[in-house]
Every structure is written in structure tokens, then in C-alpha cells.
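Overview (structure and organization)
Each chain, letter by letter, is given below.
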Amino acid sequence: MKWQGRRRSSNVEDRRGQGGSQRSRFGGVGGFNPMLLAPLIKLLFSKVGLIIVGLFLVVTFLTGNNPLTIISQFFTGGPVQTETSAPYQGTEKENELAEFSATILANTEDVWNSLLDNYRNPTLVLFTGSVSSACGTASSATGPFYCPGDEKLYLDLSFFNDMERQLNAPGDFAQAYVIAHEVGHHIQKIMGITAKMDQLRGQMSQTEYNKYSVRLELQADFLAGVWANHSQEMTQMMETGDLNEALNAANAIGDDRLQKNSTGRVVPDSFTHGTSEQRMRWFKKGFDTGDISQGDTFNANPL
Ligand SMILES: [Zn+2]
């Protein structure tokens, strides 16, 4: 893809290096044990406790510093560093992927604002390790996801690495497809499809609901294809081989393929995203037509 030098979206929240990552310097030591609370309160009201509190106040008054900070500095040999104080230092490759993602997001904004009157831009949250969202806390193992509750896309850039190495789905356009797919879920939220799905959830068995989930996911693939069509018309970003990168990725993350790789067998009833063939076909349909009205996966028969 010829993506460099284009507009980057400002709707990006960079939460890399915060919470949940295994980068904590004080891993495990910093947790507070509630069992310590009772003896602490007792100590506070004893004479010794009063003297300690008095000393704390004197030190604070004289130095303007929290005495705990001073004690901590004494033991660690330097000023206390909180984890969130330093900006995340990504590798060169990570930072390039962050720029790439912001550029693709900007392009989805341009395309969808031109196609939909009521479009509103979602936010892209970059994270490492785990992240909390309006949909709960998620770890990187979940893969990229969209949370309708806060209208944000959540992405750990290491997923792109996994795609390349574990799923054998390399390429920048494959990565763009992943972002465009999550944006597709955002469009479903705007169109009220997500709300309808939530209603259905309580009315049927899991197996029955999974069938709707497949249709929802295939529609997000279709919408990613529609984006690619209009993006190409607007920017000519795509190069030879790019379409195949996306189709290869859609093929690699089909439920049947993923299940076969992990369990060695395929259980169609538990599909929630669609088979490799279905995912490729719906993406391709969106790309070929560029027409949102062609994407009614809920009434398509056969799917
Ligand atoms: Zn999805």
C-alpha cells in the first residue's frame, strides 16, 4: 500500500504501556493486602502511632515532600518512577504500525463520511497486554475488537505480528482489512443492527444466536470490502497483490480454519465469524460492488 505521507486520524488514544502489560517494574510487590488494615488502624491510635504520624507531618512540613517518597528513594537509590509518567517507547516497527493504523483510520473516516450522512468517527485505542473498555477488560489474546458501548476500536499492534507469523497472513493491506472490519462493526452500531442483535441474544439458544453472529461478522467483512473499493477510488493506495493480502487474511481467520488449527476438527454450530470461503466472498462482494445496499447478509440465502 502507498499509505505514507497521508493524513493521520487524531481520533487515536495511545494507551500502550499502560495497565495490564507485563512491563511493571514492581510486579506483584505493589499490591495492598487488606489483612494488614486492622493492625495498621490499631497502630495509628496507639502512642507509637501518634508519634509516627507527628513525624510524618513534620517531615512533610519541612521538606515539602511525602516522607514515603523519601524513604522509598533511600531504599531504591533514586526518585520513584510511576509507570504512566514516561511515554511509551515503542520499537521503530511498532511506531510505524501505529502511524499506519492512524492513517488507515483517517481514510475510513474520509470514505464513510462521504457515504453516510449520519456517520460519526470512532476512536482507535492502541494498547499492550490488556485494556479496559465499556465492554469489560480484554487481553491481547482476544484479538482486535470493537466496543459498541464506547464506540471505540481496540487494537494491540502485536496482533499484526501474530497474523504474519502464526496465521500466515502478512501484508499491510491485510492489516488495513482488520481495521476496516472493526470499523464495519461501528457502522452496524450506527445503523441499529448491533441493538437488534442484543435483543436477539436473550431470545434464543447459543447455537441459534451463533448463526446471527456469523451474519453480523460477514457483513463487517462486506463493509470492509466497500471501504476498500471507495478508498481505492479516492486515493489509489492499493498496489498489485494488496487485494490478495486481504483475501488471504480473510481466509486465514475463518472459523473453520482457526478451529481446525487449534482442535483439529471443525464444529459448524460453534461458528461465530463464518468460514474462510464466506469471509473471502463477502469481502470480495463489498470490494467489487462498493454498494452498501448489497450487504444484507441477514437475508442472504444461501449465506
Ligand atoms: Zn468482527
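All values derive from a computational prediction rather than experimental measurement.

A word on the coordination of the zinc ion. Summarising the metal site, the zinc ion is bound by the protein donors H181 (NE2), H185 (NE2) and E217 (OE), whose distances to it range over 1.9 to 2.1 Å. Summarised as a motif, the one-chain spacing of the donors to the zinc ion is H-x3-H-x31-E. Of this pair, H181 sits in helix α6 (residues 172–190) while E217 sits in helix α8 (residues 206–235), placing them 36 residues apart in sequence. E217 shares its class with H181; the two are buried.

Attention now moves to the packing of aromatic side chains. All chains considered together, the criterion is met by 5 aromatic pairs. Aromatic side chains F173 and W227 sit 6.1 Å apart centroid to centroid with 15° between the ring planes, which places their arrangement in the stacked category. With a gap of 54 residues between them, F173 in helix α6 and W227 in helix α8 connect regions that are remote in the sequence.

Right, let's talk about unusual backbone geometry for a bit. Cis geometry marks the peptide bond from N301 to P302, where omega comes out at 0°. Within the secondary structure layout, P302 lies in the segment after α11 (276–289). For E151, which is not glycine, the phi torsion reads 55° and is therefore positive. Along the chain, the position of E151 falls in the loop between β5 (145–147) and β6 (152–155). Classification of E151 by relative accessible area gives buried; the value is 16%.

Okay, the environment of F127 next. With respect to the helices and strands, F127 occurs in strand β2 (residues 123–127). Spatially, the C-alpha atoms of F127 and Q18 are 7.4 Å apart, while their sequence positions differ by 109 residues. Setting aside chain neighbours within four positions, we find F127 in contact with R15, R16, A138, S139, S140, Y154, L155, D156 and L157.

As used here, a disulfide is simply a covalent bond connecting the sulfur atoms of two cysteines. As enumerated under the stated definition, the model contains 1 disulfide in all. Across a sulfur-sulfur distance of 2.1 Å, C135 and C147 are joined as a disulfide pair. Taking the sign of the S-S torsion, about 95° here, the bridge from C135 to C147 comes out right-handed. Here C135, found in the loop between β3 (130–133) and β4 (136–139), pairs with C147, found in strand β5; they are 12 residues apart in sequence, far enough to count as distant. Residue C135 is classed as partly exposed on the basis of its relative accessible area of 47%.

Moving on: the side chain of T128. One can find T128 in the loop between β2 and β3. The exposure class of T128 is buried, given its relative accessible area of 9%. Looking at T128, its side chain comes within polar contact range of the main-chain nitrogen of G17, at 2.8 Å.

The next point concerns the sheet that holds β6. With respect to topology, 4 strands assemble into an open sheet ordered β1-β2-β6-β5, the strand pairing being mixed. Edge positions in the sheet fall to β1 (12–15) and β5, since each has one partner strand and no second. Each strand of the sheet is rotated relative to its neighbour by a mean of 25°, with strand direction disregarded. Alignment of β5 against β6, held across 3 bridges, turns out to be antiparallel. In the sheet register, C147 faces β6, and the bridge partner there is K152. Where helix α4 (residues 92–115) meets the sheet, it contacts β1, β2 and β6, and its direction lies at approximately 165° from that of β2.

Parameters and conventions
Residues numbered from 1 in each chain as written. Predicted model: local features only at pLDDT ≥ 70, side-chain atom pairs only at ≥ 80, totals over all residues. Heavy atoms only, no water. Donors = N, O, S within 2.8 Å, 3.2 Å for Na, K, Ca; no water. Helix = DSSP H or I, 4+ residues; strand = E, 2+ residues; numbered from the N terminus. Buried < 20%, exposed > 50% of the residue type's maximum accessible area, 1.4 Å probe, protein only. Phe/Tyr/Trp six-rings, centres within 6.5 Å; stacked < 30°, edge-to-face > 60°. Contact = heavy atoms within 4.5 Å. Disulfide = S-S within 2.5 Å. Polar contact = N/O pair within 3.5 Å; in protein donor to acceptor, adjacent residues only side chain to side chain. Pairing = 2+ DSSP bridges. Axes fitted to C-alpha atoms, helices over the stretch in contact; angles between N-to-C directions.

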